[in-house]
Amino acid sequence: MNLEVFVLGTGGMMPLPGRGLTSVLLRREGDLFLFDCGEGTQIGLRRLNLRWKKITSIFISHTHADHVTGLPGILMLSSQVDRNEPLYIYGPPKIREFVDAMRRTLDMYINYEIVVREVEGGATIVQAEDYAIRTHTLVHTKPCIAYSLEENMRPGIFFPDKAAELGVPRGPLWSQLQSGESVNLPDGSVVRSEQVMGGERKGRKFCFATDTIAAPGLADFARSSDIFICEGMFSDELAETAAEKKHLTAGQAARVARDAEVKQMGLIHYSPRYSDRELKKLLGEAREIFPGTFLTRDLQHIEMPFEE
Ligand SMILES: [Zn+2]
Ligand SMILES: [Zn+2]
C-alpha cells in the first residue's frame with residue numbers, strides 16, 4: 001500500500017512567488033489527507049496535477065490566516081465532482097465558526113456534507129481499521145494542534161521453507177498460517193503460525209507540527225516517525241524573535257527530531273525573509289544537530305516505503 005507525501009507549500013506568513021503557504025497532502029491508497037490550507041493551496045494541488053477534489057479529510061493546525069484562508073476555494077471546487085462521502089475538517093476551537101461563517105457569507109454552493117470536528121491535543125481523532133490519526137497540543141499564540149498518522153503493526157514475513165520443512169503442503173493451510181492460525185496435519189501434528197512467521201513489523205508514521213515552540217511532549221508524539229514535517233521558521237540567530245512569536249528555529253526543530261529519533265525531518269514554514277538560497281543556512285544549523293534533516297520544497301513528492 002502506497003503512502004506518499006506531496007508538499008504543496010513551504011512558506012509561513014505570506015505566499016511568495018514560487019513559495020506557497022505551508023500545506024502538505026498525504027495520500028494513502030484512495031484517501032487524501034490535507035494538512036493545513038493557506039491561501040493558494042489549490043495552486044499547489046493543481047500544479048501537482050493531483051485528482052484532489054475528493055479530499056477525505058482536512059486537518060488544520062490553527063486558525064491563523066496563513067493556515068486556513070485556502071479553505072473557501074477548496075470547499076467550493078470540491079463541489080465540481082460528485083461525492084457521497086462527507087468531507088471532514090478537523091481543527092482547534094474556532095475552526096467551526098470559521099467554516100460556518102464563510103459558508104454563510106459566501107453563499108457557497110456545496111453538494112456534499114461537511115463535518116467539522118473541533119479537536120484537542122492528546123486524542124485519537126480517527127481510528128481506522130489499519131491506522132490511527134492522533135493529535136498533540138502545540139504551544140503557539142493561539143490554540144494549535146500537531147497531527148500524526150500511524151499505521152498498525154503488520155504481520156511478520158511468512159517463511160515458506162519452514163512450512164514445507166514442517167510438512168505443511170502449499171495451499172489453503174499456508175494462508176491459514178499466514179493469518180495467524182494454527183493448522184492440523186493429517187498425521188495429527190499441529191503447526192503454529194509463530195513457527196513459520198517472523199515477528200510483527202512496524203507500520204509507517206507521518207507527523208506534522210507547525211506553528212509552535214518546543215512544546216512539552218512533542219518529541220514523544222513524533223517518536224520514530226518515518227517522516228516528521230516540522231516548522232523551522234528562523235535561523236538560530238533569531239532565537240529571540242522565534243520565542244517571542246512562538247515559533248521554532250531550525251536548530252530547535254532538529255533537537256525535537258533528534259530526541260524523537262525520527263528517520264527524517266523536513267523543515268517547513270520558512271520565514272519570507274529567507275530566499276530559497278538562504279535556506280541552506282537553516283539546513284546547516286539543523287543538520288549539525290540532526291543529520292536526517294532536509295528542506296521541504298514546494299511540489300516535492302516523497303514516497304514512504306515500508307521498512308523492509
Ligand atoms: Zn503560520
Ligand atoms: Zn501561527
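Predicted model only: the values in this text are computed from it and were never measured.

Draft legend 1. Expanded view of the nonpolar core. Counting 35 residues, the largest nonpolar core has Leu-138, Leu-218, Phe-228, Val-262, Met-265 and Leu-267 as its most contacted members. Sorting the residues of this core by element identifies strand 9 (144-151), strand 12 (205-209), helix 7 (218-222), strand 13 (227-231), helix 9 (250-260), strand 14 (264-268) and helix 10 (279-289) as the ones contributing at least two each. Per element, the largest residue contribution to this core is six residues, and it comes from helix 9. Apart from residues lying up to four places away in sequence, Leu-138 is in contact with Cys-144, Ile-145, Ala-146, Ala-209, Thr-210, Asp-211, Thr-212, Ala-215 and Leu-218.

Draft legend 2. Spotlight on the coordination of the zinc ion (ligand 1). With distances of 2.1 to 2.3 Å, the protein atoms coordinating the zinc ion (ligand 1) are Asp-66 (OD), His-67 (NE2), Asp-211 (OD) and His-269 (NE2). For the zinc ion (ligand 1), the four donor atoms in the first shell make angles of 92 to 164° at the metal, a pattern classed as irregular. For the zinc ion (ligand 1), the single-chain donor residues occur in sequence as D-H-x143-D-x57-H. Separating the zinc ion (ligand 1) from the zinc ion (ligand 2) is a gap of 3.5 Å, bridged by Asp-211, which donates to each. Residue Asp-66 is located in helix 2 (residues 65-68), and its partner His-269 is located in the loop between strand 14 and helix 10; the two are separated by 203 residues in the primary sequence. Per residue, the accessibility class of Asp-66 equals that of His-269, and both read buried.

Draft legend 3. Focus on the pairing of strand 3 (residues 31-35). Burial analysis of strand 3 places four of its five residues in the buried class, the great majority of the element. Between strand 2 (residues 23-28) and strand 3, which pair antiparallel one after the other, the connecting turn spans two residues, and Glu-29 there sits at a positive phi close to 50°. Looking at chain direction, strand 3 and strand 4 (residues 57-59) are connected through three bridges and run parallel. Across the sheet, Phe-33 pairs through a bridge with Ser-57, a residue of strand 4. Chirality of the crossover, the property in question, places the unit of strand 3, helix 1 (residues 41-47) and strand 4 among those that are right-handed.

Draft legend 4. Spotlight on helix 9. Ala-250, Gly-251, Ala-253, Ala-254, Val-256, Ala-257 and Ala-260 are the residues of helix 9 that are buried. Summarising the contacts, the buried residues of helix 9 are in contact with helix 7, strand 13, strand 14 and helix 10.

Draft legend 5. Expanded view of the state of the cysteines. Scanning the entire structure with this criterion turns up zero disulfides. For the unlinked cysteine Cys-37, the closest cysteine sulfur is that of Cys-144, found at 15 Å. Lacking any disulfide linkage, Cys-207 is separated from the closest cysteine sulfur, that of Cys-230, by 8.1 Å. On the accessibility criterion, Cys-207 (0% relative accessible area) is buried.

Draft legend 6. Representation of the coordination of the zinc ion (ligand 2) in the model. The protein atoms that coordinate the zinc ion (ligand 2) are His-62 (NE2), His-64 (ND1), His-140 (NE2) and Asp-211 (OD), at distances spanning 2.1 to 2.4 Å. For the zinc ion (ligand 2), the four donor atoms are set out with angles of 89 to 169° between them, so the coordination reads as irregular. Ordering the donors of the zinc ion (ligand 2) by residue number gives the pattern H-x1-H-x75-H-x70-D. Using a relative accessible area of 9% as the deciding quantity, one classes His-140 as buried.

Draft legend 7. Looking closely at the packing of aromatic side chains. The final tally for this structure, using the stated rule, is 10 aromatic pairs. Members of the aromatic cluster, connected to one another through ring pairs, are Phe-33, Phe-35, Phe-59, Tyr-88, Tyr-90, Tyr-131, Tyr-147, Phe-206 and Phe-208. Here the guanidinium or amino end of Arg-83 rests over the ring plane of Tyr-112, the centre of that ring lying 5.2 Å away. Taking NZ or CZ as reference, Arg-204 lies 3.7 Å from the ring centre of Phe-306, over its face.

Draft legend 8. How the structure looks around the sheet that holds strand 14. Taken together, seven strands build an open sheet; the order of strands is 7-8-9-12-13-14-15 and the sheet is mixed. Only two strands of the sheet have a single neighbouring strand rather than two, namely strand 7 (124-127) and strand 15 (293-295). Neighbouring strand axes in the sheet, compared pairwise and without regard to direction, differ in orientation by 20° on average. Relative to strand 15, strand 14 runs parallel, the two being bridged by three bridges. The residue bridging Leu-267 from the neighbouring strand is Leu-295, located in strand 15. Each of strand 13 and strand 14 is contacted by helix 9, which is oriented at about 155° to strand 14, the strand it contacts most. Taken strand by strand, helix 10 contacts strand 14 and strand 15, and its axis lies near 170° from that of strand 15.

Draft legend 9. Layout of the pairing of strand 2. Taken across its six residues, strand 2 has five buried, putting it largely inside the fold. As defined by bridge partners, strand 1 (residues 3-9) adjoins strand 2 across six bridges and the pair is classed as antiparallel. Residue pairing in the sheet places Val-7 in a bridge with Val-24 of strand 2. Across five bridges, the pairing between strand 2 and strand 3 is antiparallel. If you follow Arg-28 over to strand 3, its bridge partner there is Asp-31.

Conventions used here
Residues numbered from 1 in each chain as written. Chains lettered and ligands numbered in written order. Predicted model: local features only at pLDDT ≥ 70, side-chain atom pairs only at ≥ 80, totals over all residues. Heavy atoms only, no water. Core = buried A, V, L, I, M, F, W, Y, C linked by side-chain atoms within 4.5 Å. Buried < 20%, exposed > 50% of the residue type's maximum accessible area, 1.4 Å probe, protein only. Helix = DSSP H or I, 4+ residues; strand = E, 2+ residues; numbered from the N terminus. Contact = heavy atoms within 4.5 Å. Donors = N, O, S within 2.8 Å, 3.2 Å for Na, K, Ca; no water. Tetrahedral: all angles 85-135°; square planar, octahedral: opposite > 155°, others 65-115°. Pairing = 2+ DSSP bridges. Right-handed = clockwise from strand over helix to strand, strands pointing away. Disulfide = S-S within 2.5 Å. Phe/Tyr/Trp six-rings, centres within 6.5 Å; stacked < 30°, edge-to-face > 60°. Lys NZ or Arg CZ within 6 Å of the ring centre and 35° of its normal. Axes fitted to C-alpha atoms, helices over the stretch in contact; angles between N-to-C directions.

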